[in-house]
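Observations on the model geometry
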Amino acid sequence: MNEHVRDAATLRDWLVTRLATILGQPKETIDTSWTFNRFGLDSGTAIGLTEELSAWIGVELDAMVLYDHPTIDRLVAHLVTGSVRGAS
Amino acid sequence: VTPTVGASSEAIAWHYDAGNAFYALWLDESLTYSCGLFAGETTTLGEAQERKLMHHADAVEARADSHILDVGCGWGSMLSWLHRHRRAGRAVGLTLSRAQAEHVAQLALPRTEVRVESWEAHVPRDAYDGIVTIGAFEHFASPSASDEEKLAGYRRFFRQCHGWLRPGGRLSLQSIVYENATRAELNAFIRDSIFPESDLPRAADLLLAAQGLFELRQLESRPEHYVRTLRSWLANLRRRRAEAVALVGEETVKRYERYFQLSMIGFHTRRMGLCRATFQRLDEPRLP
């Protein structure tokens, strides 16, 4: 796992930036306590985001990680403290 | 061989004739291309497939002298299992995929026949003791059919099975079903690029279609088993990705990776379920 995965602020910022780009809306409008579902993220987009995140942190994440940890806050907490599923 | 309901032979070939060697890269050793039956955390894919095959053989009470029909026999894992473990008296497998039929023929299983034939066209030589259909019912309705046409098609299948079975004979069925998703929400990518011309049933459709013809003996849904099956297939495909790309090309490999991931999410979020149902022939049918 790459070092930056342990840094919650860096992870959160990366996710907020990526999600804002995907949704085509300003970063300031991304509430990290909202579920990905509430943002209208479909499963195909969720898989794409998961793959990008996997590549960035250097860990192959499970395809369902955004569903098991359905907000940015919870996903970041999982990545920083949880045991990340999948081979590294 | 094209059936009048459900997916055409061409649609089946589009998916299942991608090449036996490609499927062999990521399926378990028995080449079972459907959801396994997982017993515990440590069950491997191969064990889960073995357990699943045993489940269906037991459900139809397959014995040494039984005459068994497998509708949608794939690469013959059920037929092989019956031969190895129950020395099936005779077994018949139906498939619409020529690649699968060729593979099964090469297994040269004694007293076993494989036919490239739809269930609609099948005429058995004599009555079956049991009928197994695993991961085929998903192709028995097309997305263009109305709800009524869809149910009528399923009804025809149960009616055929009823006619083919000896008195008291059993039917063991495994199929993906809609759970909290509707027909309109079926993922467009899966519909157009993975399983063209196919639409899923609901668990209730199975019961409605069997009503008066079959008694329901057992019904369960285990979507979590499909999540694990798909996770294993994806891991296997990724491990042997270079070989897969050499066989079928980057685009096809990507398509399968995406299909496995979308399906995992579909089962995990309960948009889809995985039903296993056992029916027993009502010898005095009462049609609604």
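See the structure shown above.
Procedures and definitions
- Residues numbered from 1 in each chain as written.
- Chains lettered and ligands numbered in written order.
- Predicted model: local features only at pLDDT ≥ 70, side-chain atom pairs only at ≥ 80, totals over all residues.
- Heavy atoms only, no water.
- Helix = DSSP H or I, 4+ residues; strand = E, 2+ residues; numbered from the N terminus.
- Rg over C-alpha atoms; globule rule 2.2 N^0.38 Å.
- Buried < 20%, exposed > 50% of the residue type's maximum accessible area, 1.4 Å probe, protein only.
- Contact = heavy atoms within 4.5 Å.
- Areas by Shrake-Rupley, 256 points an atom, 1.4 Å probe, with all protein chains shown as cover.
- Lys, Arg positive; Asp, Glu negative; His and termini not counted.
- Charge placed at Lys NZ, Arg CZ, Asp CG, Glu CD.
- Disulfide = S-S within 2.5 Å.
- Pairing = 2+ DSSP bridges.
- Buried area = accessible area lost by both parts, 1.4 Å probe.
- Salt bridge = Lys/Arg side-chain N within 4 Å of Asp/Glu carboxyl O.
- Polar contact = N/O pair within 3.5 Å; in protein donor to acceptor, adjacent residues only side chain to side chain.
- Nonpolar A, V, L, I, M, F, W, Y, C, P; charged D, E, K, R; others polar.
- Expected span 1.5 Å × (residues − 1).
- Phe/Tyr/Trp six-rings, centres within 6.5 Å; stacked < 30°, edge-to-face > 60°.
- Lys NZ or Arg CZ within 6 Å of the ring centre and 35° of its normal.

**Section: the overall build of chain B**
A count of helical and extended segments in chain B gives 11 helices and seven strands. Its C-alpha radius of gyration of 18 Å places chain B within 12% of the 19 Å reference for a compact globule of 288 residues. With respect to the principal axes defined by its C-alpha atoms, chain B has extents near 55 × 45 × 40 Å. For chain B, with 288 residues in total, the buried portion stands at 57%. Contacts spanning at least 24 positions in sequence make up 76% of the contacts within chain B whose residues lie at least 6 apart. Accessible area for chain B stands at about 12100 Å²; split by element, carbon and sulfur atoms hold 50% of it. Charged side chains in chain B number 36 positive and 36 negative. The centres of these two groups are separated by 3 Å.

**A word on the state of the cysteines**
All names here are of chain B. Applying the stated criterion across every chain yields a total of zero disulfides over all chains. Not part of a disulfide, Cys73 finds its nearest cysteine sulfur in Cys161, a span of 15 Å. The exposure class of Cys73 is buried, given its relative accessible area of 5%. On the basis of relative accessible area, Cys161 is assigned to the buried category, the value being 0%.

**Some points on the pairing of strand β7 (residues 272–281) of chain B**
All names here are of chain B. With respect to burial, β7 is a largely interior element, 10 of its 10 residues being buried. Where burial is concerned, the two faces of β7 agree: the one with Met272, Leu274, Arg276, Thr278 and Gln280 and the one with Gly273, Cys275, Ala277, Phe279 and Arg281 are both buried. One ladder, built from nine bridges, connects strand β5 (residues 165–178) with β7; its direction is antiparallel. Note on β7: the bridge partner recorded for Leu171 is Phe279.

**Notes on the interface of chain A and chain B**
Listed as interface residues are 12 residues of chain A and, on the opposing side, 11 residues of chain B. The contact between chain A and chain B buries some 1100 Å² in all, and 61% of this surface belongs to carbon and sulfur atoms. Broken down residue by residue, the surface that chain A buries against chain B is led by Ile47, Met64 and Tyr67 of chain A, which jointly contribute 44%. For Asp62 of chain A, the salt bridge identified is with Arg231 of chain B, shortest N-O distance 2.7 Å. The interface formed by chain A and chain B contains five residue pairs in polar contact (both at pLDDT 80 or more). Those elements giving two or more residues to the side of chain A that touches chain B turn out to be α2 (43–57) and α3 (65–68) of chain A. No other element matches α2 of chain A, which puts five residues into the side of chain A that touches chain B. Taken together, the residues that form the side of chain A that touches chain B break down as four nonpolar, three polar and five charged.

**Quick notes on helix α1 (residues 8–23) of chain A**
Residues and elements named next belong to chain A. With 16 residues, α1 extends 22 Å from end C-alpha to end C-alpha; this agrees with the ideal 22 Å at 1.5 Å per step. Against α2 and α4 (72–81) lie the buried residues of α1. Sitting at the amino-terminal end of α1 is Asp7, which places a side-chain oxygen 3.0 Å from the backbone nitrogen of Ala9. At the C-terminal side of α1, Gly24 shows a positive phi close to 70°.

**Details of unusual backbone geometry**
All names here are of chain B. Despite not being glycine, Glu61 has its phi angle at roughly 55°, a positive value. Considering the arrangement of structural elements, one finds Glu61 in the loop between α3 (45–59) and β1 (67–71). Take Glu61: its relative accessible area is 35%, and that puts it in the partly exposed class. In the Ramachandran plot, Arg111 falls in the positive-phi region, its phi being about 55° despite a non-glycine side chain. Tracing the backbone shows Arg111 in the loop between α5 (98–107) and β3 (112–116). Residue classification places Arg111 among the partly exposed positions, given a relative accessible area of 48%.

**Structural notes on the side chain of Thr50 of chain A**
All names here are of chain A. One can find Thr50 in helix α2. When its relative accessible area of 3% is taken as the criterion, Thr50 is described as buried. Not counting residues within four places of it along the chain, the set of residues in contact with Thr50 comprises Leu61, Asp62, Ala63, Val65 and Leu66.

**Topic: the environment of Phe158 of chain B**
Residues and elements named next belong to chain B. Here Phe158 shows up in helix α6 (residues 147–164). Phe158 sits 125 residues away from Asp283 along the chain, and the two C-alpha atoms are 13 Å apart. Not counting residues within four places of it along the chain, the set of residues in contact with Phe158 comprises Phe137, Leu171, Leu173, Leu206, Ala209, Ala210, Leu213, Phe214 and Phe279.

**Topic: the packing of aromatic side chains**
Under the definition given, this model contains 32 aromatic pairs over all chains. Measuring from ring centre to ring centre gives 5.8 Å for Phe157 of chain B and Phe158 of chain B, while their planes differ by 75°; the resulting arrangement is edge-to-face. You can call Phe158 of chain B buried: its relative accessible area is 0%. Stacked on the ring of Trp34 of chain A, the Lys or Arg Arg38 of chain A has its end atom at 3.8 Å from the ring centre.

Bear in mind that shape data such as this cannot, by itself, settle questions of function.
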